[in-house]
Amino acid sequence: MSPKLNTVRTLYKRFNPKLIVCDFDGTMTTTETITPLIQLAEKNWSESQHVQFAEQLSWYNINHQHLFANLLHNLSAYKEALVRGGSAWSLDTLKAYFTELDALDRESVDKLNSNGQFLQNIKLLELSEIFKRHMRHNVIQTLREMTNDDNVQVKTLSHNWSSFTIRNALNGTVLERDIVCNELECDAQHITTGTLSTKCVTSIDKLEWFLKWKHEYVDETKGELTMYIGDESGDFLANCCSDISVWFTGEQNESFLSVVNDKYLMNKAQNDLLFVVNAWS
């Protein structure tokens, strides 16, 4: 019989981390949620805007496929060097591998945000209801238990586009003040104006937010621990720097995890606190 996978809840109860940082898309949800956002937005597009977006999407996908393959190649080679003992683990080395992919993501968001028309008239309350259909089983119950624990800080860190929508999808278990993501500006009826304020676009952004919170909430001299939960390349750098590194597994990230789920690459060779989960509880 194969060993039973851990869950987020069993790891939380086992290690009692002081800070827990969770990704949203693919971690709290069963799929990415940018697609339903775009599907709502495109209802208001002209024919020329549909053509323009299709061209941009093709440009992004072609470049992303190439750069993501390069990233996995570089990470694989670095992992081999670490296992052989030919290199010492270096966050700066790993950050350099993400430079091109991060630049592509930032350029893509800037293009989408450039004319203020692609992201207009999205009803964020409607988007919240769509998000709810894709939530992982028991995610809200587990988050409620963690956020009710006075000894832990729970943060959501996402490349998504609305903390209001994420909060509603989670039934308010995580407050907007504890959610950092990009923000679609909206009116009093929560209908978007077309402008996106960027707060968390790249893997470096996620790393910097995580380190900021770690400095703010965690006293390492008291043995306090951090836990990061993610599922994709944008989570990698922050997850490396967490005491307890957790990956959600699924078909969509199988090739990625086959490379990065490694104690040497993730800087966990000394304590081995690296876990793969497929459920919240």
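Note: the structure precedes this text.
Draft legend 1. Structural view of the overall build of the protein chain. In terms of helices and strands, the protein chain carries 11 helices and nine strands. Seen through its principal axes, the protein chain has C-alpha atoms that stretch 55 × 40 × 40 Å. Within the structure as shown, the protein chain displays about 13,400 Å² of accessible surface, and the carbon and sulfur contribution to it stands at 47%. If the 26 positive side-chain charges of the protein chain are averaged to one point and the 37 negative ones to another, these points end up 7 Å apart.

Draft legend 2. Examining the layout of surface pockets more closely. The volume enclosed by the largest pocket comes to roughly 1,300 Å³. Lining the largest pocket are 39 residues, and of these E32, I34, Y60, H64 and E232 sit closest to its centre. Of all elements in the fold, only helix 2 (34–41), helix 3 (47–84), helix 5 (99–113), helix 9 (203–217) and helix 11 (254–260) reach the threshold of two or more residues within the lining of the largest pocket. The element that contributes the greatest number of residues to the lining of the largest pocket is helix 3, accounting for seven residues.

Draft legend 3. Molecular detail of the sheet that holds strand 9 (residues 274–277). Spatially, the six strands line up as an open sheet ordered 4-3-1-7-8-9, and their pairing is parallel. Of all strands in the sheet, those bounded by a partner on one side alone are strand 4 (179–180) and strand 9. Direction of pairing for strand 8 (residues 244–248) relative to strand 9: parallel, over a ladder of four bridges. Opposite F248, over in strand 9, you have V277 as the bridge partner. The sheet strands contacting helix 1 (residues 8–15) are strand 1 (19–22), strand 7 (226–230), strand 8 and strand 9, and the helix crosses strand 9 at an angle near 150 degrees.

Draft legend 4. Local environment of the sheet that holds strand 5 (residues 183–186). Ordered by their spatial adjacency, three strands build an open sheet running 2-6-5, and the pairing between neighbours is antiparallel. The open sheet has two free edges, formed respectively by strand 2 (120–123) and strand 5, since each of these has just one partner strand. Across the sheet, the mean angle from the axis of one strand to that of its neighbour is 55 degrees, orientation sign disregarded. Together, strand 2, strand 5 and strand 6 (191–197) form the strand contacts of helix 6 (residues 124–132), whose direction differs from that of strand 2 by roughly 45 degrees.

Draft legend 5. Up close: the pattern of salt bridges. Going through the model one piece at a time under the given rule, you end up with 13 salt bridges. Linking E145 and R9 is a salt bridge whose minimum nitrogen-to-oxygen distance equals 2.7 Å. Taken as a pair, E145 in helix 7 (residues 139–147) and R9 in helix 1 lie far apart in primary sequence, 136 residues in all. The class of E145 is partly exposed, set by a relative accessible area of 25%. With its nearest N and O atoms 3.8 Å apart, the salt bridge here joins K43 to E126. Remark: E126 occurs in helix 6 and K43 occurs in the loop between helix 2 and helix 3; sequence separation between them is 83 residues. Its relative accessible area of 60% is what places K43 among the exposed residues.

Draft legend 6. Examining the nonpolar core more closely. M28, L143, I229 and W280 are the most contacted members of the largest nonpolar core, which has 50 residues in total. Those residues in contact with I229 that lie beyond four places of it in its chain are V8, I20, V21, C22, D23, T27, V246, F248 and W280.

Draft legend 7. Region of interest: the state of the cysteines. Applying the stated criterion to the full structure yields zero disulfides. Not part of a disulfide, C200 finds its nearest cysteine sulfur in C181, a span of 8.0 Å. Here C240 stays unpaired: no disulfide links it, and the sulfur of C241, its closest cysteine neighbor, is 6.3 Å away.

Draft legend 8. View of the packing of aromatic side chains. If you walk through the whole model with that rule in mind, you get 12 aromatic pairs. Taking 5.7 Å as the distance between ring centres and 45 degrees as the angle between the ring planes, the aromatic pair formed by F24 and F131 counts as tilted. Within this pair, whereas F24 is found in the loop between strand 1 and helix 2, its partner F131 is found in helix 6, the two being separated by 107 residues in sequence. Accessibility assignment for this pair places F24 and F131 in one class, buried. Relative to F118, the ring of F53 lies with its centre 6.2 Å away and its plane at 55 degrees, an arrangement referred to as tilted. Residue F53 is located in helix 3, and its partner F118 is located in the loop between helix 5 and strand 2; the two are separated by 65 residues in the primary sequence.

Conventions and cut-offs
Residues numbered from 1 in each chain as written. Predicted model: local features only at pLDDT ≥ 70, side-chain atom pairs only at ≥ 80, totals over all residues. Heavy atoms only, no water. Helix = DSSP H or I, 4+ residues; strand = E, 2+ residues; numbered from the N terminus. Areas by Shrake-Rupley, 256 points an atom, 1.4 Å probe, with all protein chains shown as cover. Lys, Arg positive; Asp, Glu negative; His and termini not counted. Charge placed at Lys NZ, Arg CZ, Asp CG, Glu CD. 1 Å grid on protein atoms, 1.4 Å probe; cavity = no way out; pocket = protein on both sides within 12 Å on 5 of 7 lines; lining within 4 Å. Points joined across faces, edges and corners; volume = space filled by probe spheres on them. Pairing = 2+ DSSP bridges. Contact = heavy atoms within 4.5 Å. Axes fitted to C-alpha atoms, helices over the stretch in contact; angles between N-to-C directions. Salt bridge = Lys/Arg side-chain N within 4 Å of Asp/Glu carboxyl O. Buried < 20%, exposed > 50% of the residue type's maximum accessible area, 1.4 Å probe, protein only. Core = buried A, V, L, I, M, F, W, Y, C linked by side-chain atoms within 4.5 Å. Disulfide = S-S within 2.5 Å. Phe/Tyr/Trp six-rings, centres within 6.5 Å; stacked < 30°, edge-to-face > 60°.

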